[in-house]
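Overview (structure and organization)
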Amino acid sequence: MPKRLAIVGASARAAACSAVDAGFEVIAADLFADADLAARCHATRIADYPAALEGWLADADCDGWLYTGALENRPDLVGRMAEVKPLLGNGPQALAGCRDPQRLASLATESGVGFPDTATLEDRALEAGWLVKAAASAGGGRVWSTENWEQLKPADRPSDALLQRRVTGQSGAAVFLASRGVARLVGVSRQLTGEAWTGSSGFAYCGSIAPWAVPLSAAQGLQQFANTATASFGLAGLFGVDFVLDGGQPWVLEINPRYTASVEVLERCLGTSTIPGHVDSCRGRTPENLPRPQKAAGKAILYAQRPFTLSQRLAEELLESPGHGGYADIPHGGTVFDAGDPVLTVFAEAARPDEVEPLLRDRAGAMEARLYD
């Protein structure tokens, strides 16, 4: 098994720290190189993101590399980087399948789950009850209601936008580990999106709570979809399936073919890292069985309510606290934020899932008061 991993993405912190906990040597490159990431491994901030990742990887001393979000939107770059160093993840061909709504709709029908009606802007007129989504999107970003879309300036409208019928219900994510053509369920989490108490809005992803006990029929449908997608696209390693649960019916929204934002929450529930299993799976080996959840856990991403500068004192206090005080993605002191920027991540753990969100809300409120003091 490779011992020195390179991990890249918009934010590499969660996967990198998970790999370090599992005993890997790690080097990381992302948009932030936050203080807590730099405290655990060698971290590089990539200003020219993601274009400069290819050159960074070429110079990196590693046995293999893996990516986090949202490099699945750049299959061309992933393919070039895979020629530089061994990729432990899904390559361009798998990414193309995962990002094709027609193929996803076909797999959903075959698996007995829903997939929202999808059309191009040329094929269908705008109307209420539909969303406009950029094909290259992640984390709920670049998604608009039809009303908000019409208010955008033409220059601000992405050329790859699609129309998709909006599905109402609770957002969730199922994480799987694909190995030898079979997808094994790691866990299911409830997703937090656009929660005002985190400072986010719209459809933006702002956290996860796990485990989430979805109805058996929904779990079976998601498992069948994951198996079918694994076989059809040749998926390997960790991947996530975002969905909306409407009553007992899951509606698949997309596949994220990599270590996803909800994985670290599931790892806290399980009490173990998923990186060894991911690496084994990508190398064609059958990973060891994961344990059952030992507790409930959750995280919330706090977004800046207004422009501010993070104080050096608060940054140092968080970084020096045991376990970073239950916070992650800790910026360096003096970092300047604009309204809407992600600031840091709050964690909470409890005996039951329904106890987690109140704890997250309390911790988020307490941190908000300190950020702007």
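Above: the structure in question.
Note that the structure is a prediction, hence the values are computed from the model and not measured.

Turning next to the pattern of salt bridges. The full count for this structure, using the stated rule, is 21 salt bridges. Its salt-bridge partner being Glu264, residue Arg13 comes within 2.7 Å of it at the nearest N-O pair. One end of the pair, Arg13, is in helix α1 (residues 13–21); the other, Glu264, is in helix α9 (residues 263–270), with 251 residues separating them in the sequence. Between Glu264 and Lys299 there is a salt bridge, with the nearest N and O atoms lying 2.8 Å from each other.

Taken in spatial order, the eight strands of this open sheet run β13-β12-β9-β10-β11-β14-β18-β16, and their pairing is antiparallel. In the strand order of this sheet, the two ends are held by β13 (249–256) and β16 (327–328), each with one partner. The sheet contact formed by β16 and strand β18 (residues 342–350) spans two bridges and is antiparallel. In the sheet register, Ala328 faces β18, and the bridge partner there is Thr345.

Our focus in this paragraph is the side chain of Asp36. Take Asp36: it is sitting in helix α2 (residues 35–40). Of the side chains with opposite charge, Arg13 comes closest to the buried, unpaired Asp36, at an N-O distance of 4.3 Å. In this structure the side chain of Asp36 is engaged in a polar contact, spanning 2.8 Å, whose partner is the backbone nitrogen of Asp329. Residues in contact with Asp36, not counting those within four places in the same chain, are Arg13, Leu319, His324, Ala328, Asp329 and Ile330.

Another point: unusual backbone geometry. Residue Ala70 is reached from Gly69 by a cis peptide bond, and omega for that bond is 0 degrees. With respect to the helices and strands, Ala70 occurs in the loop between β4 (64–67) and α4 (75–84). Following Ala210, the chain continues into Pro211 via a peptide bond in cis, with omega recorded as -5 degrees. In this fold, Pro211 is placed in the loop between β11 (205–210) and α8 (216–233). Here Arg180, not a glycine, exhibits a phi torsion of approximately 55 degrees, which is positive. Locating Arg180 in the fold gives a position in the loop between β9 (170–179) and β10 (182–193). Take Arg180: its relative accessible area is 61%, and that puts it in the exposed class. Even without glycine at this site, Asp329 takes up a positive phi of about 55 degrees. Relative to the elements of secondary structure, Asp329 occurs in the loop between β16 and β17 (336–337).

Under the counting rule described, the total for this entry stands at six aromatic pairs. Centroid distance Trp212 to Phe243: 5.9 Å. Interplanar angle 5 degrees. Geometry classified as stacked. On the criterion of sequence distance, the pair formed by Trp212 in the loop between β11 and α8 and Phe243 in strand β12 (residues 237–246) is long-range, its members being 31 residues apart. With a relative accessible area of 1%, Phe243 lands in the buried category.

Looking now at the side chain of Asn90. Mapped onto the fold, Asn90 is located in the loop between α4 and α5 (92–98). There is a polar contact of 3.1 Å between the side chain of Asn90 and the backbone oxygen of Pro257. In this structure, Asn90 is in contact with Tyr67, Val78, Leu95, Gly234, Leu235, Ala236, Leu238 and Pro257, ignoring residues within four places of it in sequence.

On to the packing of helix α6 (residues 101–111) against α8. Contact geometry for α6 and α8: axes closest at 9 Å, N-to-C directions at 130 degrees. By the angle between their directions, the pair α6 and α8 is classed as oblique. α8 is crossed by α6, and the crossing has right-handed handedness. Every residue of α8 that contacts α6 at Arg103, Leu104, Leu107, Ala108, Glu110 and Ser111 is listed here: Gly221, Gln224, Phe225, Thr228, Ala229, Ser232 and Phe233. Considering only residue class, the contact of α6 with α8 consists of six nonpolar, five polar and two charged.

How each quantity is defined
- Residues numbered from 1 in each chain as written.
- Predicted model: local features only at pLDDT ≥ 70, side-chain atom pairs only at ≥ 80, totals over all residues.
- Heavy atoms only, no water.
- Salt bridge = Lys/Arg side-chain N within 4 Å of Asp/Glu carboxyl O.
- Helix = DSSP H or I, 4+ residues; strand = E, 2+ residues; numbered from the N terminus.
- Pairing = 2+ DSSP bridges.
- Buried < 20%, exposed > 50% of the residue type's maximum accessible area, 1.4 Å probe, protein only.
- Lys, Arg positive; Asp, Glu negative; His and termini not counted.
- Polar contact = N/O pair within 3.5 Å; in protein donor to acceptor, adjacent residues only side chain to side chain.
- Contact = heavy atoms within 4.5 Å.
- Phe/Tyr/Trp six-rings, centres within 6.5 Å; stacked < 30°, edge-to-face > 60°.
- Axes fitted to C-alpha atoms, helices over the stretch in contact; angles between N-to-C directions.
- Parallel < 35°, antiparallel > 145°, perpendicular 65-115°, else oblique.
- Left-handed = near helix turned anticlockwise from the far one by under 90°.
- Nonpolar A, V, L, I, M, F, W, Y, C, P; charged D, E, K, R; others polar.

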